[in-house]
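Working through the structure, step by step
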Amino acid sequence: QVQLVESGGGLVQPGGSLRLSCAASGIIFSAYTMGWYRQAPGKQRELVAGIRSGGSTYYADSMKGRFTISRDNAKNTVYLQMNSLKPEDTAIYYCKATGPAGYPAYWGQGTQVTVSS
């Protein structure tokens, strides 16, 4: 049974930081591309950042320079360090695991991030 469990969300003031974690089980974690996506109310889910099995990373343009994705294969965990947070970063953040051939794909249940003063 595959599980992706996100944690680390919460309420933070503008300009603040949060670190999200996603712990995976039931997959060969090191072989999977891991990604963070987010969905704000009334909007489509969008890519935030991804990290391939080899460690290369990619980001949505609006997140470059503020967010950093990393992975610890020994802990089967992917992280998203978010700095200089803005109110428009408010969303549910989801973790996604994608297999080497582009499938299968698994999603976590999401964690709420709210940026507000």
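It should be noted that the structure appears before, not after, this text.
About the criteria used
- Residues numbered from 1 in each chain as written.
- Predicted model: local features only at pLDDT ≥ 70, side-chain atom pairs only at ≥ 80, totals over all residues.
- Heavy atoms only, no water.
- Helix = DSSP H or I, 4+ residues; strand = E, 2+ residues; numbered from the N terminus.
- Rg over C-alpha atoms; globule rule 2.2 N^0.38 Å.
- Buried < 20%, exposed > 50% of the residue type's maximum accessible area, 1.4 Å probe, protein only.
- Contact = heavy atoms within 4.5 Å.
- Areas by Shrake-Rupley, 256 points an atom, 1.4 Å probe, with all protein chains shown as cover.
- Pairing = 2+ DSSP bridges.
- Axes fitted to C-alpha atoms, helices over the stretch in contact; angles between N-to-C directions.
- Salt bridge = Lys/Arg side-chain N within 4 Å of Asp/Glu carboxyl O.

Comments concerning the overall build of the chain
Summing up its helical and strand segments, the chain has zero helices and 11 strands in all. Mapped in sequence order, the helices and strands of the chain form the string β-β-β-β-β-β-β-β-β-β-β. In terms of overall size, the chain behaves like a compact globule, its C-alpha atoms giving a radius of gyration of 13 Å where 117 residues would be expected to give roughly 13 Å. Projected onto the principal axes, the alpha-carbon positions of the chain cover approximately 40 × 25 × 25 Å. Taken across its 117 residues, the chain has 41% of its residues classed as buried. A separation of at least 24 residues holds for 53% of the contacts in the chain among residues at least 6 apart in sequence. On the chain, roughly 6,000 Å² of surface is accessible, and the fraction owed to carbon and sulfur atoms is 47%.

Looking at the sheet that holds strand 1 (residues 3-7)
With antiparallel pairing, four strands are arranged side by side in an open sheet as 1-3-8-7. Each edge of the open sheet is held by one strand with a lone partner, namely strand 1 and strand 7 (67-72). Going from strand to strand, the sheet's axes swing by 15° on average, the running direction of each strand aside. Note: strand 7 against strand 8 (residues 77-82), six bridges, orientation antiparallel. Directly across from phenylalanine 67, in strand 8, lies its bridge partner methionine 82.

Regarding the environment of tyrosine 58
Within the element layout of this structure, tyrosine 58 appears in strand 6 (residues 57-59). Tyrosine 58 sits in the partly exposed class, given a relative accessible area of 25%. Separated by 10 residues in the primary sequence, tyrosine 58 and valine 48 have C-alpha atoms spaced 8.6 Å apart. Other than its neighbours up to four places away in sequence, tyrosine 58 contacts Thr33, Leu47, Ala49, Gly50, Ile51 and Arg52.

A few points about the pairing of strand 11 (residues 111-115)
What you see with strand 11 is a clean split: Thr111, Val113 and Val115 sit on the buried side and Gln112 and Thr114 on the side with no burial. Pairing of strand 2 (residues 10-12) with strand 11 involves three bridges; the strand directions are parallel. Looking at the pairing, leucine 11 lines up with threonine 114 of strand 11. Pairing geometry for strand 9 (residues 91-98) and strand 11, over three bridges, is antiparallel. In the sheet register, alanine 91 faces strand 11, and the bridge partner there is valine 113.

Observations regarding the pattern of salt bridges
Considering all chains together, one arrives at four salt bridges under this definition. Of the charged contacts in the structure, one is a salt bridge between aspartate 89 and arginine 38, with a shortest N-O distance of 2.9 Å. Of this pair, aspartate 89 sits in the loop between strand 8 and strand 9 while arginine 38 sits in strand 4 (residues 33-39); the two residues are 51 residues apart in sequence, bridging distant segments of the chain. Arginine 38 gets classed as buried once you look at its relative accessible area, which sits at 8%. The salt bridge partner of aspartate 61 is lysine 64, with a shortest N-O separation of 3.3 Å. Judged by relative accessible area, which is 63%, aspartate 61 ranks as exposed.

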